[in-house]
Amino acid sequence: MIRQAKGKTPRRPPPKKPSNNQKDPVGVYCRVRPLGADDEECCIEVISNTTIQLHAPDGLKANRNGEFKETQYSFKKVFGIKTSQRELFEDVAKPLVEDLIHCKNGLLFTYGVTGSGKTYTMTGSPGQGGLLPRSLDMIFNSIGPYQAKRYVFKPDDKNGMEVQNQVDALLDRQKRDSQTTVPKTPTTRRIDPEFADMISPEEACKADGVDEDSSYSVFVSYIEIYNNYIYDLLEETPFDPIKPKPPQSKILREDQNHNMYVAGCTEVEVKSTEEAFEVFWRGQKKRRIANTQLNRESSRSHSVFIVKLAQAPLDADGDNVLQDKNQVNVSQLCLVDLAGSERTSRTRAEGSRLREAGNINQSLMTLRTCIEVLRENQMCGTNKMVPYRDSKVTHLFKNYFDGEGKVRMVVCVNPKADDYEETLLVMRFAEMTQEVEVARPVDRPICGFAAGRRQRNQAFKEELTRRLEERGGPVDGEFPTVLNQLLQSFPPLPPCEISGPNDDVTLPRLIEALEKRHKIRQMMIEEYNKTANMLKSVLQEQDSNILSKENFIQEQRGKLGEKDKMIQNQKNEIDRLEKKSKMLEYKIDILQKTTNIYEEDKRSLQQELESREQRLQRELSEKRRMESRMQGMVTDAKLKWEKECERRVNAKQLEMQNKLWVKDEKLKQLKAIVTEGKTENRQPQRPSREKDKVPPKRSASPSPVPTGPPVRPLHRRSHSAGGERWVDHKPTSNVDLDTVLQPNIPNAIKVNAPNEKALSKCDKYVLTHQEVASDGEIQTKLIKGEVFKTRGGGQSVQFTDIETLKQENPVAASSRKRRSSEADPDAEPMEGDWTDVETRCSVAVEMRAGSNLGPGYQHHGYPKRRKP
């Protein structure tokens, strides 16, 4: 018997990590079962299709703040008490079955407290099939017409599949049929009250996109994990009613591709939904018998139902399975019913039962620990070791969490108040599980044959059958065309009838014809041998070429594997750095928010500082203005009092002179009286006054023009009035003044800073400069100059003139005048008291060229002397 090479699972060569870095979170669903009685207290409320709310029952202690704590939990989808089994299957298990048919693995497990509806969700009841029977029904509805014959695929007990040819598969089928102990597949649906009518025909469904050019086979296995031991529920063991033997536990092994499997586990090939149901319920019955014999509860163990789907493409003819190990794909779907999650104190168990509950809780705690470590590694970028080996459940399914397929969990909850604390723990575990991401599995490799091979082969068989039926069956002695041509190449045989015992012609003629045929046959054999040897050498050469190419391909695959490992390590490093970057970004956001707060405070303080500085500048400017005003007032008062003192001194001098003159006149009169008559007819004269003087006669010739120094004309024509091109340099620090007169130069190039390009185009330059005057006001100066070219090719400016624009406040000048006039209100008004303007004007008029009087003297007139 010739056996073909084996096809291993999983489908991808090592490294087993998926080549893409796309990840999906673990899909966690919640199903709420109805209460057992209407009067029971409910602690769960469905808020939306994704959120439920837990509130503490009345008998539970309140929190520290005295209020009952209400918590909300979100899931991918929440199924209420009115959700049917079909709706649950459509959302949860159907995508996993479709992935199974498309060569992708899947893991689905139910989790919850004992009595929360896990087994009903997974198995169902008559008329209400659960996830497991509906998954099997969908698989066979999808691949039914494309199933391979039994024993074409055969497990190799090393987590792989052997592909047998049609002869070996036929021998195995005959051997199976000859064994009376193995029941055949029932031709009709078996009526069993345990699983009868679980799925109605109208609820049947099938997957889309099934590859019709592939051949499929389904294998199922059923195991139980109890007290951290694995038992095969489909293993055929002899039953001893007197001294029953306990079942033998199985061990976990790792295949060459680092995938975990149960060594020695029974894998049954099934060809219909009914046969798969029969195998499942056979394992269920064996489980119940073992629980009865060992006096244990079924809810204290984990049950795992594994569905393996082996598929391989058809050959080029579309008739047989392709005998190529690299084209065999094995995918599996694991349906897990976990043990009830509850506290040991609530079970009221003792002795071995207490140890049993402790082991179950320990396995569930290991599952929680693995989920926590996975979440921490993914969220924080750490690389902690996940403790898969601490429990058989986590060790068996570690490949799924490492990226070998989708993972989904259905959390079943009982809303009664007695399960509140256990349900709270289940909700926390489910919430944590949703944060774990699993790498998305890659698609399978595509066979290089053309599509539609099965349909063409079927059409060919139907056409051949039709033609044979039209001809009435095959003709006797009909051979293929090549064989007929070969027979026609031999010489015909002569007549073989012997006429008598003395016939010496017939036999020699027949012998001669046979010898010719023998020679021709020998020649054909020699030609065949030559052709066979030539073909053999060509085939050997081709084999050597293929071997060398295969060796080269293996080397390239090894290098590719190393590159893949390097790429995967780099991707892991990138993921770690991305997570670290996210954490740093989060910290940066916090620091940015803190910085923004500090910046706001800084801006507010800066604005306050600027306002205070502006206020200080205004106060300093006002102070300088007041100082300048005080200086002006002091100067005016000083000049006024100097003039007043000078006027009074002059008046006193004049008064004394008059008194002296009066005395002189009296003395003269006394002298005249004494002299008696010498001056009898003479009138006395006083010193002549200015108005009594006879004006001198004017000369006919004009008075000579005073020859003084020439005065510089102040109001001459501005240099900017011409048509020259100007560079108008206005610094950005200048302040805009609301004056009527504004410097405006037409046809000018305005710049903020002088540059050679602007100077080269113009011949005039003006700089607008602002500065604070002594009275505190801002005055603007226009500094003008001419632009000259230098020897080095540059530009130079020679300043020639300055124009000043100053703004004054008339109110301040008038106030200074009023203060100077009101300084001495008790002073006696005199004829010589004139204003400052009159004084300055008189000074300007009287100060002629050649005058010997100083300023401030000529305008003081003598007071009128009264007649005695």
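Now for a quick tour of the structure. (Residues numbered from 1 in each chain as written. Predicted model: local features only at pLDDT ≥ 70, side-chain atom pairs only at ≥ 80, totals over all residues. Heavy atoms only, no water.)

## Quick look at the overall build of the protein
For the record, the criterion: Labels follow the DSSP assignment, with helices taken as runs of H or I lasting at least four residues and strands as runs of E lasting at least two, numbered in each case from the N terminus. Burial status follows relative accessibility: with a 1.4 Å probe on protein chains alone, a residue under 20% of its type maximum counts as buried, one over 50% as exposed, and anything between as partly exposed. Residues count as neighbours in contact if any of their non-hydrogen atoms are within 4.5 Å of one another. Only the protein chains shown count as covering a residue, and every accessible area follows the Shrake-Rupley method with a 1.4 Å probe.
When helices and strands are counted, the protein shows 17 helices and 27 strands. Buried positions account for 35% of the 868 residues belonging to the protein. A fraction of 71% describes how many contacts in the protein between residues 6 or more apart in sequence connect residues 24 or more apart. Carbon and sulfur atoms make up 53% of the accessible area of the protein, which totals about 56500 Å².

## What about the sheet that holds strand E6 (residues 70-74)?
Filter applied, for reference: One requirement defines pairing of two strands: DSSP has to find at least two bridges between them. The convention used is that axes are lines fitted to C-alpha atoms, helices contributing only their stretch in contact, and that angles between N-to-C directions extend from 0 to 180 degrees.
If you walk across this open sheet you meet the 3 strands as E4-E5-E6, and the pairing is antiparallel. A single partner strand is all that each edge strand has here, and the edge strands are strand E4 (44-46) and E6. On average, each strand axis in the sheet is tilted by 25° relative to the strand beside it, whichever way the strands run. Alignment of E4 against strand E5 (residues 51-55), held across 3 bridges, turns out to be antiparallel. By the bridge assignment for E5, Glu45 is matched with Gln53. In the packing of helix H11 (residues 420-433) onto the sheet, contacts are made with E4, E5 and E6, and the angle to E5 comes to roughly 145°.

## A word on the nonpolar core
The condition that has to hold: Nonpolar core, defined: a set of buried Ala, Val, Leu, Ile, Met, Phe, Trp, Tyr and Cys residues in which side-chain atoms within 4.5 Å join the residues together.
Membership of the largest hydrophobic core comes to 54 residues, with the highest contact counts inside it found for Ile52, Phe75, Phe397 and Met427. At 7 residues, the largest contribution of residues to this core is made by H11. Apart from residues no more than four positions distant in its own chain, Ile52 is found in contact with Cys30, Ile44, Glu45, Val46, Ile47, Thr71, Gln72, Tyr73, Phe75, Val78 and Met427. Counting residues in hydrophobic clusters, the runner-up holds 45 residues, among them Phe79, Tyr146, Tyr216 and Cys412.

## Structural notes on the packing of aromatic side chains
Selection criterion: The aromatic pairing rule takes the rings of Phe, Tyr and Trp, using the six-membered ring of Trp, and pairs them if the centres are within 6.5 Å, calling planes under 30 degrees apart stacked, those over 60 edge-to-face and the rest tilted.
Tallied over the entire structure, the rule returns 8 aromatic pairs. Measuring from ring centre to ring centre gives 5.3 Å for Phe280 and Trp281, while their planes differ by 70°; the resulting arrangement is edge-to-face. The class for Phe280 is buried, based on a relative accessible area of 3%. Grouped by ring-pair contacts, the aromatic residues Tyr222, Phe280, Trp281 and Phe305 constitute a single cluster.

## Details of the sheet that holds strand E25 (residues 764-772)
As summarised here, the arrangement of the 5 strands in space is E24-E23-E25-E26-E27, forming an open sheet in which the pairing is mixed. Two strands bound the open sheet, and with one partner strand each, they are strand E24 (748-751) and strand E27 (795-806). With direction set aside, neighbouring strand axes in the sheet form an average angle of 25°. Note that strand E23 (residues 726-729) and E25 share 4 bridges and pair parallel. Bridge assignment links Trp726 to a residue of E25, and that residue is Lys764.

## Things to note about the pairing of E25
Where E25 lies against strand E26 (residues 778-789), 9 bridges are found, and the strand directions are antiparallel. Looking at the pairing, Glu771 lines up with Gln779 of E26. Counting the residues that bridge the hairpin from E25 to E26 gives 5 residues, and of these Gly776 lies at a positive phi of roughly 90°.

## Thoughts on a nonpolar patch on the surface
What counts here: Excluding any residue in a salt bridge, patches collect residues exceeding 30% relative accessible area, merging like charges within 9 Å and nonpolar Val, Leu, Ile, Met, Phe, Trp and Tyr side chains within 5 Å. Salt bridge, as used here: a side-chain nitrogen of Lys or Arg that lies within 4 Å of a carboxyl oxygen of Asp or Glu.
There is a patch of nonpolar side chains on the surface, built from Met534, Leu535, Val538 and Leu539 and spanning about 380 Å² of accessible area. Residue placement: Met534 occurs in helix H14 (residues 506-675). Classification of Met534 by relative accessible area gives exposed; the value is 57%.

## Here's the deal with H11
Note the threshold: Here a helix's expected span is defined as the number of its residues, less one, multiplied by 1.5 Å.
Here H11 is 14 residues long and its end C-alpha atoms lie 20 Å apart, about the 20 Å a rise of 1.5 Å per residue gives. The buried fraction of H11 is high, at 10 of 14 residues.

## Re the pattern of salt bridges
Taken as a whole and assessed by the stated rule, the structure comprises 26 salt bridges. A salt bridge links Asp99 to Lys406; the nearest nitrogen and oxygen atoms lie 3.3 Å apart. Within this pair, whereas Asp99 is found in helix H2 (residues 94-101), its partner Lys406 is found in strand E21 (residues 405-413), the two being separated by 307 residues in sequence. Asp99 gets classed as buried once you look at its relative accessible area, which sits at 13%. Note that Asp801 and Lys784 form a salt bridge whose closest N and O atoms lie 3.7 Å from each other.

## Quick notes on the packing of H2 against helix H4 (residues 131-143)
Stated precisely, the cut-off is as follows: The cut-offs work like this: below 35 degrees is roughly parallel, past 145 is roughly antiparallel, 65 to 115 is roughly perpendicular, and the gaps in between are oblique. By definition, any crossing whose near helix is turned counterclockwise from its far helix by less than a right angle is left-handed, and any crossing with a clockwise turn is right-handed. Three classes are used: nonpolar for Ala, Val, Leu, Ile, Met, Phe, Trp, Tyr, Cys and Pro, charged for Asp, Glu, Lys and Arg, and polar for all others, with Gly counted as polar.
At a minimum axis separation of 10 Å, H2 and H4 run at an interaxial angle of 40°. Classified by the angle between their axes, H2 and H4 sit oblique to one another. The way H2 lies across H4 gives a crossing that is right-handed. Across from Lys94, Val97, Glu98, Leu100 and Ile101 in H2, the residues of H4 making contact are Ser135, Met138, Ile139, Ser142 and Ile143. Taken together, the residues of the contact of H2 with H4 break down into 6 nonpolar, 2 polar and 2 charged.

## Considering the environment of Ser581
Along the chain, Ser581 falls in helix H14. The partly exposed category is assigned to Ser581, whose relative accessible area is 31%. The sequence separation of Ser581 and Gly381 amounts to 200 residues, and the corresponding C-alpha distance is 9.6 Å.

## Considerations on the pairing of strand E14 (residues 229-232)
Sheet analysis places strand E13 (residues 214-226) next to E14, joined by 4 bridges and oriented antiparallel. Opposite Ile225, over in E14, you have Ile230 as the bridge partner. If you look at the hairpin formed by E13 and E14, you'll find 2 residues sitting between the two strands, and Asn227 has a positive phi there, around 55°. In this structure, E14 lies alongside strand E15 (residues 249-250), joined through 2 bridges in antiparallel fashion. Note on E15: the bridge partner recorded for Ile230 is Lys250.

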